[in-house]
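# Chains, contacts and geometry: an overview
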Amino acid sequence: MKKYKILFAAVALSLGLNSCIEETIPTEYVLDEQIGASDAALEGMVNSIYTTMAGYSNSDGGIEVISYGSMRAMLEHSTTQMICSGANGYNTMGAWSYGAVSATGSNRGIYPSYLYYGYIKTVNDIIKMVGTENLDNTKKNFLGICYAYRALYYLDLVQIMEYKKPTDSRYTYVQPENDLTNLGVPIVTEKTTSEEASNNPRATVDEVYDLILSDLAEAEIYLTGFSRTDKTQPNMGAVYGLYARVYANLASRIETSVTYKDEVAYWKKVEEYTDKAISTSGCVPLTESEWTDPINGFNNRNSQNSWMWATSISESNTTASSTGSFVYAMIFGTETTFSAYGWRVGRSLDRKWYERLSDNDFRKKSWLNPNFFYESKNQKAGEAYLIEKDANGKLINNKWSVEGDNSSTLQSAWNDEYSGFGPEKYQYELNNTASWIRSRINASNGFMSWPWLYVNLKFRPHNGEYRDYATGGATDYPIMRVEEMYYLKAEAILHTSGVSAAANALEDIVKTRNNTYECSASSEEDFLDEYTFQKGVEFWGEGINYFDAKRLELGIHRAYLGTNCERYQHCLDMNGIFVGWTPGWNQAELNSNPAIFHYNNPYTNPTTYYVYKSNDDFRPYYGIELK
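Quick look at the structure, then. (Residues numbered from 1 in each chain as written. Predicted model: local features only at pLDDT ≥ 70, side-chain atom pairs only at ≥ 80, totals over all residues. Heavy atoms only, no water.)

### A word on the packing of aromatic side chains
Counting across every chain of the model gives 47 aromatic pairs. Residues Tyr90 and Tyr341 carry aromatic rings whose centres are separated by 6.0 Å and whose planes lie at 65° to one another, so their mutual orientation is edge-to-face. Of the two residues, Tyr90 is situated in the loop between β5 (82-84) and α4 (94-98) and Tyr341 in helix α13 (residues 340-343); the sequence distance between them amounts to 251 residues. Of the residues examined, Tyr90 reaches a relative accessible area of 30% and is grouped as partly exposed. The exposure class of Tyr341 is partly exposed, given its relative accessible area of 36%. Connected via pairs of aromatic rings, a cluster forms that spans Tyr50, Tyr56, Tyr68, Tyr116, Tyr119, Tyr149, Tyr153, Trp309 and Tyr477. (Phe/Tyr/Trp six-rings, centres within 6.5 Å; stacked < 30°, edge-to-face > 60°. Helix = DSSP H or I, 4+ residues; strand = E, 2+ residues; numbered from the N terminus. Buried < 20%, exposed > 50% of the residue type's maximum accessible area, 1.4 Å probe, protein only.)

Listed below in structure tokens is the structure:
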């Protein structure tokens, strides 16, 4: 007979604009059958799903408090478009930036296998306690929520941990000890005994997808008619969205799958479920004002009308909202004053991507243009960006520097003026002041590619509070946005109806960001290039791009002269499958589950695929004109 330290919700979920799920507090130990008989106790357990995703820790494994959103952000650091342009001594996710994640003791590579199985245990315990007998509507809904979340967790985890052999012949890779083709992750459900868990081989990827589809079918049954009270709760729209993700994955891996071979049928399923998700969710793509909102932009599940499903960190949860939690807003905190782990690293858009993106696209306002940091006093309107340097190569005549010292960290050395971005001279909606940002984000603090940084303003601190972590760090995070459904639908149409129809579908969604946009792709290759670019811009920093990169084998391409990377280890160039996408299992799992010991993902040595061997190889070329 088991006993659980039950977590009761202190305050019921609220639909108020500024509300968050309140922190749950431990009370006393109770027996599992007592929990199962109490709706209030079960509700407390279900609410613990949401608080665990706001901040999970495993002290035995050396896992600091981390949110679900921060895990997804960590993954995104291994994509082409996520650049760290600042002081990487403050980069808590550096291992993912240069691919050193596969060793069992690697700095951040151990996080996925700890985090997701922690999540899975929570939902498994609830499913077991609810059971299948005497289910009223409340208990059915609890089951539906749990099955939807378990499908999400396994879907993320199997994509992260599936080993895909690198394809770029220019580099040497360590071979796995055994053939890992089509091997996924050990499956643990509410029925798995401790004895089974201690000898639990990696299931095939196909078997993991069998479980995911089964869980989604259960969620669909138990959530029918469910009216949620908060976006942290999955509903039918979220379930349909997960189905769309699943079938896109299945359609993309028919060559390695043994049982899932009907590519055309899966793409048709993607079309079907994206339509269902869009219509059922009632969500609409973000407007420019919602996207650029300095108070609520990408931090408030209630005001962001495209969010179908979300996590939330409450203001009372000061542990999860602190600097040590990798909380989402502070990781990307260009504006925040309370976390050097945010602004000093400078999470940025890759320079080539920024320059490719149209000035007419409002998403471009998510990253600071170089002339925010430097504009020559001799710059003439309408003419090419002017760079003036002295005999030592230092930039001079900066309008924004009070005394001409571009490297000063004194706020008084900078002004708050700005000539504006783009043809309309757009003034960024800032929480902090331009002078503060300039005094921090400069060469003195490790931003060597200054002013070609492209640091982000996409993710805003909660309530616009850039000074206090307890408030500013209490952010919401999108698990799923309706825009993803439109992009997946366009990709499905490519495979069912051809390039022209797919281009029209892509135009429909991108025109909500740039009303002058046209997709001129005439071949499948051209379409996929434009599709992955537009989708990559749309979901920058949300983790979606990591999964797409690995699914579509897009490689990683940051090594070019003129890059805004801060250090040579991040200047990677690898076609197809990048080895830094697949971490290894943590040592505790290898020790306690010998069935996977000889089937671990292999160690990778990043030095074997560094393009540059020193920062001196590329730093002299910062800011050169890109061809």
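Moving on, there is more to tell.
### Observations concerning the nonpolar core
Ile49, Tyr149, Tyr153, Ile212, Leu506 and Phe527 are the most contacted members of the largest nonpolar core, which totals 177 residues. The biggest single contributor to this core is helix α6 (residues 137-161), with 16 residues. With residues up to four places along the chain from it excluded, the contact list for Ile49 reads Thr122, Val123, Ile126, Ile145, Cys146, Tyr149 and Tyr153. (Core = buried A, V, L, I, M, F, W, Y, C linked by side-chain atoms within 4.5 Å. Contact = heavy atoms within 4.5 Å.)

### Comments concerning the packing of helix α9 (residues 236-251) against helix α17 (residues 482-497)
Between two packed helices, what matters for the description is the angle formed by their axes and the separation of those axes. With their axes 11 Å apart at the nearest point, α9 and α17 run at an angle of 35° to one another. Our pair here, α9 against α17, has a crossing hand that is left-handed. Contacts between α9 and α17 involve Gly241, Ala244, Arg245 and Ala248 from the first element and Glu484, Met485 and Leu488 from the second. Class assignment for the residues of the contact of α9 with α17 results in four nonpolar, one polar and two charged. (Axes fitted to C-alpha atoms, helices over the stretch in contact; angles between N-to-C directions. Left-handed = near helix turned anticlockwise from the far one by under 90°. Nonpolar A, V, L, I, M, F, W, Y, C, P; charged D, E, K, R; others polar.)

### Some points on the environment of Tyr149
Mapped onto the fold, Tyr149 is located in helix α6. Residue classification places Tyr149 among the buried positions, given a relative accessible area of 1%. Considering only alpha carbons, one finds Tyr149 and Trp307, 158 residues apart in sequence, at a separation of 16 Å. One polar contact links Tyr149 to Trp309, side chain to side chain, over a distance of 3.3 Å. (Polar contact = N/O pair within 3.5 Å; in protein donor to acceptor, adjacent residues only side chain to side chain.)

### Notes on the packing of helix α8 (residues 205-222) against α9
Relative to each other, α8 and α9 sit at 160°, their axes nearing to 10 Å. Comparing their axes, α9 and α8 come out roughly antiparallel. Along this stretch, α8 crosses α9, giving a crossing that reads as left-handed. The residues of α9 that touch α8, namely those facing Tyr209, Ile212, Leu213, Leu216, Ala217, Ala219 and Glu220, are Met236, Val239, Tyr240, Leu242, Tyr243, Val246, Tyr247, Asn249 and Leu250. Its residues assigned to classes, the contact of α8 with α9 comprises 14 nonpolar, one polar and one charged. (Parallel < 35°, antiparallel > 145°, perpendicular 65-115°, else oblique.)

### Some points on the state of the cysteines
Enumeration according to the criterion identifies zero disulfides in this entry. Summary of cysteine pairing: Cys571 is not part of a disulfide, and the nearest cysteine sulfur, belonging to Cys565, is at 4.0 Å. Residue classification places Cys571 among the buried positions, given a relative accessible area of 0%. (Disulfide = S-S within 2.5 Å.)

### Let's talk about the pattern of salt bridges
All told, the structure shown has 38 salt bridges when counted by the stated rule. When the shortest N-O distance is used, the salt bridge between Glu162 and Arg253 registers 3.0 Å. Taken together, the residues span a long stretch of sequence, with Glu162 in the loop between α6 and α7 (194-197) and Arg253 in the loop between α9 and α10 (263-281) at a distance of 91 residues. In this structure, Arg170 engages Asp573 in a salt bridge whose closest nitrogen and oxygen atoms are separated by 3.4 Å. Here Arg170 is found in the loop between α6 and α7, whereas its partner Asp573 is found in strand β10 (residues 573-574), with 403 residues between them in sequence. Several salt bridges converge on common partners, so that one network encompasses Asp361, Arg363, Lys458, Arg481, Glu483, Arg513, Glu538 and Glu542. (Salt bridge = Lys/Arg side-chain N within 4 Å of Asp/Glu carboxyl O.)

### With respect to a nonpolar patch on the surface
A cluster of nonpolar side chains, namely Leu561, Tyr621 and Ile624, defines an oily patch on the protein surface of about 220 Å² accessible area. For Tyr621, the position within the fold is in the segment after α21 (587-592). (Patch = residues over 30% accessible without salt bridge, like charges linked within 9 Å, V, L, I, M, F, W, Y side chains within 5 Å. Areas by Shrake-Rupley, 256 points an atom, 1.4 Å probe, with all protein chains shown as cover.)

### Focus on helix α20 (residues 544-552)
Taken across its nine residues, α20 has eight buried, putting it largely inside the fold. Among the residues of α20, Ile544, Asn545, Tyr546, Phe547, Asp548, Ala549, Lys550 and Arg551 are the ones counted as buried. Positioned one or two residues after α20, Glu553 has a phi angle of 55°, which is positive.

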